[in-house]
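Survey of secondary and tertiary structure
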Amino acid sequence: MPLRVYMEDTDAGGIVFYVNYLKFFERARTEYMRAQGFDKAAFIDDSLMFVVTNLATKYLRPARLDEQLIVTAKVIAAAKASLSFDQRVYRGDEVLCEAQVRLACVDRISLKPKRMPAALLSVLALKEQ
């Protein structure tokens, strides 16, 4: 997903504020799910949704105001009630930030883990290979 760094993404020195990389990763996961045919990526249906349960981030180089970046999202594991993504932010060929993100599928009311619908799991499992 292409992305430009705006003033709102940066600190007073014009460098992307660290927490905004998490926003970039969220947008890339949303667009990834949209590309798989799921328009509301956080909400699987009226009763299920995804929540982040684990996140490991490595900041390698700073991104700066007005730079063009590419943010990626790749499913690296799909289980009955969870997904794991490998995500990266690039400036050209240079990796600026990388993360491993685990999402759980939960009931929207109780927030207890639930199985993902078979259709969703089969699409994501195919992409994982």
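As the structure is a prediction and not an experimental result, all values here were calculated from the model. Within each chain, residue numbers correspond to sequence positions counted from 1 in written order. Reporting of local features is limited, given that this is a predicted model, to residues whose pLDDT is at least 70; pairs of side-chain atoms are given and counted only at 80 or more, and all residues count toward the totals for whole chains, interfaces and linings. With hydrogens and water set aside, each side-chain value is computed from the structure's full complement of heavy atoms.

1. Describing the overall build of the protein chain
Under the convention used in this document: By definition, any uninterrupted DSSP run of H or I lasting at least four residues is a helix, any uninterrupted run of E lasting at least two residues is a strand, and each is numbered from the N terminus. We compute the radius of gyration from the C-alpha atoms alone; for a globule the expected value is 2.2 Å times N to the 0.38, where N is the number of residues. The cut-offs for exposure are 20% and 50% of the maximum accessible area for each residue type, with area from a 1.4 Å probe on protein chains only; residues under the lower value are buried, those over the upper are exposed, and the others partly exposed.
Counting secondary structure elements, the protein chain contains two helices and five strands. Secondary structure of the protein chain in N-to-C order comes out as β-α-β-β-β-β-α. Computed over its C-alpha atoms, the radius of gyration of the protein chain comes to 15 Å, within 12% of the 14 Å expected for a compact globule of 129 residues. Once the C-alpha set of the protein chain is aligned to its principal axes, its extents read approximately 45 × 30 × 25 Å. For the protein chain, the residues scored as buried account for 36% of the 129 residues in total.

2. What about a nonpolar patch on the surface?
Which entries qualify depends on this criterion: Candidate patch residues must exceed 30% relative accessible area and have no salt bridge, after which like charges are joined if within 9 Å and Val, Leu, Ile, Met, Phe, Trp or Tyr side chains if within 5 Å. Under the convention used here, a 1.4 Å probe and the Shrake-Rupley method define accessible areas, while residue burial counts only the protein chains that appear. Should a side-chain nitrogen of Lys or Arg be within 4 Å of a carboxyl oxygen of Asp or Glu, the pair is scored as a salt bridge.
On the surface, Phe17, Tyr18 and Tyr59 cluster together into a nonpolar patch covering about 330 Å² of accessible area. Inspection of the secondary structure puts Tyr18 in helix α1 (residues 18-35). Taking the relative accessible area as the measure of exposure, Tyr18 reaches 51% and is therefore exposed.

3. Topic: the nonpolar core
To be explicit about the condition: Throughout this description, the term nonpolar core refers to a set of buried Ala, Val, Leu, Ile, Met, Phe, Trp, Tyr and Cys residues connected via side-chain atoms within 4.5 Å. A contact between two residues is defined here by any heavy atoms of the two lying within 4.5 Å.
Counting 28 residues, the largest nonpolar core has Tyr21, Phe50, Leu69, Val89 and Leu124 as the members making the most contacts within it. At the level of elements, α1, β2 (48-59), β3 (68-78), β4 (82-91), β5 (94-107) and α2 (118-128) are the ones that each hand at least two residues to this core. Residues within four places of Leu69 in sequence aside, it is in contact with Met1, Pro2, Leu3, Val5, Phe24, Ala63, Val89, Tyr90, Arg91 and Leu96.

4. A word on unusual backbone geometry
Positive phi is not limited to glycine here, since Asp66 has a value of about 75°. Its location among the elements puts Asp66 in the loop between β2 and β3. Of note, the phi angle at Leu111 is positive, near 65°, even though the residue is not glycine. Within the element layout of this structure, Leu111 appears in the loop between β5 and α2.

5. Brief notes about the packing of aromatic side chains
To keep things clear, this is the line we draw: Pairing of aromatic rings covers Phe, Tyr and Trp, the last through its six-membered ring, and needs centres within 6.5 Å; plane angles under 30 degrees mean stacked, over 60 mean edge-to-face, and all others mean tilted.
This structure, assessed with the given rule, holds five aromatic pairs. Between Tyr21 and Phe24 the ring centres are 5.9 Å apart and the planes differ by 70°, which places this aromatic pair in the edge-to-face class. On the criterion of helical spacing, the pair formed by Tyr21 and Phe24 is a turn pair, its members being three residues apart in helix α1. An angle of 90° between the planes, with centres 5.6 Å apart, marks the rings of Tyr32 and Phe85 as edge-to-face. Here the residue Tyr32 occupies a position in helix α1, and Phe85 occupies one in strand β4, the gap between them amounting to 53 residues. The pair Tyr32 / Phe85 is uniform in exposure class, with both members buried. Aromatic ring contacts, followed pair by pair, group Phe17, Tyr18, Tyr21, Phe24 and Tyr59 into a single cluster.

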